[in-house]
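# Coordinate inspection notes
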Amino acid sequence: DIKIINAEETPENWVGKIEKISPETLIIIDVVDFNSFPGDVKIFSIDEIEETTFTTHNFSFPFLFGNLKEKTEILIIGIQPGKINIKEGISEKVKKGMEKAEAMIESILKKRV
């Protein structure tokens, strides 16, 4: 029973719906600046993300989803961008990072089945 939400630039619009679903695990995929090479992928816990990273959203993930962490495992799969510029689109390196992130999700889900 997997639900996928494409929150795009506004994850804050989905917090209520996610809380109602009350998932066992919440996996968030986003570009995250963690001072690495473009396209690199790293998994963060909700507590790590605020301390070590930067995203382009109005609200931090710990602020948005912190209430869920008591009963939900929250994983953030961060893909290191080259430049954060919406007009440029997604670089080839970040596209390859997206493929790595997809493989990580498949691996996480297989372990839970």
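In the block above lies the structure referred to throughout.
Residues numbered from 1 in each chain as written. Predicted model: local features only at pLDDT ≥ 70, side-chain atom pairs only at ≥ 80, totals over all residues. Heavy atoms only, no water.

## Quick look at the overall build of the protein chain
Helices and strands together make up the secondary structure of the protein chain, namely four helices and three strands. Helices and strands in the protein chain line up, N terminus first, as α-β-β-α-α-β-α. The long-range share in the protein chain, meaning contacts at least 24 apart out of those at least 6 apart in sequence, stands at 72%. Carbon and sulfur atoms make up 51% of the accessible area of the protein chain, which totals about 7,900 Å². (Helix = DSSP H or I, 4+ residues; strand = E, 2+ residues; numbered from the N terminus. Contact = heavy atoms within 4.5 Å. Areas by Shrake-Rupley, 256 points an atom, 1.4 Å probe, with all protein chains shown as cover.)

## A few points about the nonpolar core
Leu26, Ile28, Phe61, Phe65, Ile74 and Ile76 are the most contacted members of the largest nonpolar core, which totals 15 residues. Where this core is concerned, the elements lending two or more residues are α1 (15–21), β1 (25–31), α2 (46–52), α3 (61–65) and β3 (73–79). Sort the elements by how many residues they give to this core and α3 lands first, with three residues. Aside from chain neighbours lying at most four places away, what touches phenylalanine 65 is Pro11, Val15, Ile18, Leu26, Ile28, Ile46 and Ile74. Among the nonpolar cores identified, the runner-up in size contains six residues, and Ile77, Val94, Ala101 and Ile105 belong to it. (Core = buried A, V, L, I, M, F, W, Y, C linked by side-chain atoms within 4.5 Å. Buried < 20%, exposed > 50% of the residue type's maximum accessible area, 1.4 Å probe, protein only.)

## Thoughts on the pairing of β3
Burial within β3 is extensive, with six of its seven residues counted as buried. By the bridge criterion, seven bridges tie β1 to β3 in an arrangement that is parallel. Along β3, the bridge assignment pairs isoleucine 29 with isoleucine 77. (Pairing = 2+ DSSP bridges.)

## Comments concerning the sheet that holds β1
Backbone hydrogen bonds hold the strands of a sheet together, and the pairing may be parallel or antiparallel. Within the open sheet, the three strands sit side by side as β1-β3-β2. Their pairing is mixed. Strand pairing shows two members of the sheet lacking a second neighbour, β1 and β2 (41–45), which therefore form its edges. With strand direction ignored, the average angle separating the axes of adjacent strands in the sheet is 25°. Here helix α4 (residues 92–112) sits on the sheet and contacts β1, β2 and β3; the angle it forms with β3, its principal contact strand, is near 155°. (Axes fitted to C-alpha atoms, helices over the stretch in contact; angles between N-to-C directions.)

## Some details on the pattern of salt bridges
Enumeration over the complete set of coordinates arrives at two salt bridges. A salt bridge links aspartate 47 to lysine 69, with the shortest nitrogen-to-oxygen separation between them at 2.7 Å. Residue aspartate 47 is located in helix α2, and its partner lysine 69 is located in the loop between α3 and β3; the two are separated by 22 residues in the primary sequence. What makes lysine 69 partly exposed here is its relative accessible area of 38%. Residue lysine 95 pairs with glutamate 92 through a salt bridge whose shortest N-O separation is 3.5 Å. Here the residue lysine 95 and the residue glutamate 92 both occupy positions in helix α4, the gap between them amounting to three residues, near one helical turn. What makes lysine 95 partly exposed here is its relative accessible area of 37%. (Salt bridge = Lys/Arg side-chain N within 4 Å of Asp/Glu carboxyl O.)

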